[in-house]
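Report on the structure
What follows is the residue order along each chain.
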Amino acid sequence: DESSGYESESAERAGAAGGSRGRQRRARTAFTSEQVSRLEKTFQRQKYLGATERRKLAAALQLSEIQIKTWFQNRRMKLKRQI
């Protein structure tokens, strides 16, 4: 069971104030330029990935399915802000 690594700000502040209680945030993923290029190319073709496409892309890019899912969610929000 993996989390997306993103916690709410209030939970983060409460964790910082409460010492070492709670879960640590996952380190931010540093995507390689090749991974970003492939993700962007895939995003241009389809804005939403099904489970099968996500699984294949994750395996090809050596990323987790959750990282792919999160990247696509963030990319759709970026597109929405640009529009």
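This one's a predicted model, so the numbers in the text were calculated from it and none came from an experiment.

Before going further, it helps to examine the environment of Gln67. With respect to the helices, strands and loops of the structure, Gln67 is situated in helix α4 (residues 65-82). For the pair Gln67 and Arg54, spaced 13 residues apart in sequence, the C-alpha to C-alpha distance is 9.7 Å. Leave out the neighbours within four places in its chain, and Gln67 touches Thr29 and Phe31. A polar contact is formed between the side chain of Gln67 and the backbone nitrogen of Ser64, at a distance of 2.8 Å.

Core analysis: the largest hydrophobic core is formed by 10 residues, namely Leu39, Phe43, Leu49, Leu57, Ala58, Leu61, Leu63, Ile68, Trp71 and Phe72. Listed by contribution, the elements that provide at least two residues to this core are α2 (33-45), α3 (51-61) and α4. Beyond its immediate chain neighbours, meaning those up to four positions away, Leu63 contacts Thr29, Phe31, Gln35, Ala58 and Ile68.

Turning to unusual backbone geometry, a few remarks are in order. At Gln62, a position not held by glycine, the phi torsion is positive, near 55°. Note on placement: Gln62 falls in the loop between α3 and α4.

Next up on the list: the packing of α2 against α3. Running from N to C, α2 and α3 cross one another at 160°; their axes reach a closest spacing of 11 Å. As judged from the angle between their axes, α2 and α3 are roughly antiparallel. Classified by chirality, the crossing of α3 by α2 is right-handed. In this structure, α2 contributes Gln35, Arg38, Leu39 and Thr42 to the contact, and α3 contributes Leu57, Ala60 and Leu61.

So, how was this worked out
Residues numbered from 1 in each chain as written. Predicted model: local features only at pLDDT ≥ 70, side-chain atom pairs only at ≥ 80, totals over all residues. Heavy atoms only, no water. Helix = DSSP H or I, 4+ residues; strand = E, 2+ residues; numbered from the N terminus. Contact = heavy atoms within 4.5 Å. Polar contact = N/O pair within 3.5 Å; in protein donor to acceptor, adjacent residues only side chain to side chain. Core = buried A, V, L, I, M, F, W, Y, C linked by side-chain atoms within 4.5 Å. Buried < 20%, exposed > 50% of the residue type's maximum accessible area, 1.4 Å probe, protein only. Axes fitted to C-alpha atoms, helices over the stretch in contact; angles between N-to-C directions. Parallel < 35°, antiparallel > 145°, perpendicular 65-115°, else oblique. Left-handed = near helix turned anticlockwise from the far one by under 90°.

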